[in-house]
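Observations on the three-dimensional arrangement
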Amino acid sequence: MFTGIIEEIGEITEITPSGDGWRLTVRAPGAASDAVHGESIAVSGVCLTVVGSTADTFDTDVMKQTLDVSALASVQVGTRVNIEKAMPVGARLGGHIVQGHVDGTGEVLEVRPGDQWSVLRISLPAELAPLVVDKGSIAVAGTSLTVSAVSAPAPSSGSGTEGHWFEVSLIPETLTATILGALAVGDRVNLETDILARHVERLLAFRSEGGSR
């Protein structure tokens, strides 16, 4: 379990094919310094298991299913990634409950810089759109953020943007402490919606199919 509060920016240093998946080596001195075999670390929002480590790197296996649904499939040696270790029991929940189970990916549609902040507009897969609400929580590349605007339920193609989207406003700390400050139009990012919204959607699906219980 994670909070979406990024602890450091890491870098992919090695990608080794492993069956139909990959083994990644990530340079992240803070996370690697006390990493133990079998623990979980979120890499740009994807919960991965440590299978080996050195003083400043850790190794982790990424299975095909994870590559199919996440932006990790596009990383290369040198790609920078957000790093967060699992939340310890008893710690403050500074962000929101993040599982590290990516729902899908979005594409950066627009970057609007301000004097001290930046607004990102990111595309939203149609199946995730009902789970994202204005002022709600969402994890973008593992970063806990508050939704500052969201497209209408039946979006139009105005302003050259088609389909569903949402916006997040990034403060200076987020711009410098995460990889989000370096994002450009066309970049893909991992998205994880609010777990409470997912549970509600599932419950409603059963009620609509089988009637109330």
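The present account deals with the structure reproduced in this document. (Residues numbered from 1 in each chain as written. Predicted model: local features only at pLDDT ≥ 70, side-chain atom pairs only at ≥ 80, totals over all residues. Heavy atoms only, no water.)

**A look at the overall build of the protein**
Along the backbone of the protein there are 4 helices and 12 strands. Here the C-alpha atoms of the protein give a radius of gyration of 18 Å, agreeing with the 17 Å that 2.2 N^0.38 yields for 213 residues. In the protein, which comprises 213 residues, the share counted as buried stands at 43%. Of the contacts formed within the protein by residues at least 6 apart in sequence, a portion of 69% connects residues at least 24 apart. Accessible area of the protein: about 11100 Å², with a carbon and sulfur share of 53%. Here the protein carries 14 positive and 26 negative side-chain charges, and the mean point of each set is 6 Å from the other. (Helix = DSSP H or I, 4+ residues; strand = E, 2+ residues; numbered from the N terminus. Rg over C-alpha atoms; globule rule 2.2 N^0.38 Å. Buried < 20%, exposed > 50% of the residue type's maximum accessible area, 1.4 Å probe, protein only. Contact = heavy atoms within 4.5 Å. Areas by Shrake-Rupley, 256 points an atom, 1.4 Å probe, with all protein chains shown as cover. Lys, Arg positive; Asp, Glu negative; His and termini not counted. Charge placed at Lys NZ, Arg CZ, Asp CG, Glu CD.)

**Thoughts on the pairing of strand β7 (residues 104-113)**
Two strands pair when backbone bridges link them, and β7 and strand β12 (residues 188-192) are joined in this way by 4 bridges, in the antiparallel orientation. Its bridge partner lying in β12, G104 is registered against L191. Of the pairings in the sheet, the one linking β7 to strand β8 (residues 118-124) comprises 5 bridges and is antiparallel in character. The partner of V111 across the bridge, within β8, is L120. With antiparallel pairing between neighbouring strands as the criterion, β7 and β8 make up a hairpin whose turn holds 4 residues. (Pairing = 2+ DSSP bridges.)

**Description of the sheet that holds strand β2 (residues 21-27)**
Read around the closed barrel, the 6 strands follow the order β1-β2-β5-β4-β3-β6; overall the barrel is antiparallel. For this sheet the average axis-to-axis angle between neighbouring strands, irrespective of direction, equals 45 degrees. As paired elements, strand β3 (residues 40-43) and strand β6 (residues 80-85) share 3 bridges and run antiparallel to each other. Residue pairing for β6: V43 is matched across the bridge by I83. (Axes fitted to C-alpha atoms, helices over the stretch in contact; angles between N-to-C directions.)

**A word on the nonpolar core**
Counting 21 residues, the largest nonpolar core has V140, F166 and L180 as its most contacted members. Residue assignment for this core shows that the elements contributing at least two residues are β8, β9 (137-140), β10 (143-150), β11 (164-170) and β12. Among all residues touching V140, those that are not within four sequence positions of it are I122, L145, F166, L180, V189, N190 and L191. (Core = buried A, V, L, I, M, F, W, Y, C linked by side-chain atoms within 4.5 Å.)

**Considerations on a nonpolar patch on the surface**
Side chains of M1, L93 and I97 sit close together on the surface and give an oily, nonpolar patch of about 270 Å² of accessible area. Along the chain, I97 falls in the loop between β6 and β7. (Patch = residues over 30% accessible without salt bridge, like charges linked within 9 Å, V, L, I, M, F, W, Y side chains within 5 Å. Salt bridge = Lys/Arg side-chain N within 4 Å of Asp/Glu carboxyl O.)

**Some thoughts on the layout of surface pockets**
If a probe as big as a water molecule is rolled over the atoms, it shows which places are left empty. Its volume calculated, the largest pocket comes out at about 410 Å³. Lining the largest pocket are 16 residues; nearest its centre among them are T79, R80, I179, L183 and R188. Among the elements of the structure, β6 and β12 are those that each provide at least two residues to the lining of the largest pocket. Broken down by element, the lining of the largest pocket gets its largest block of residues, 3 residues, from β12. Here the lining of the largest pocket is composed, by residue class, of 9 nonpolar, 4 polar and 3 charged. Lining the second largest pocket are 14 residues, and of these T143, S144, L145, I171 and T174 lie nearest its centre. Looking at which element gives the most residues to the lining of the second largest pocket, the answer is β10, with 4 residues. Each residue belonging to the lining of the second largest pocket can be placed in one class, and the counts come to 6 nonpolar, 7 polar and 1 charged. (1 Å grid on protein atoms, 1.4 Å probe; cavity = no way out; pocket = protein on both sides within 12 Å on 5 of 7 lines; lining within 4 Å. Points joined across faces, edges and corners; volume = space filled by probe spheres on them. Nonpolar A, V, L, I, M, F, W, Y, C, P; charged D, E, K, R; others polar.)

Limitation: the analysis is restricted to geometry and does not speak to function.
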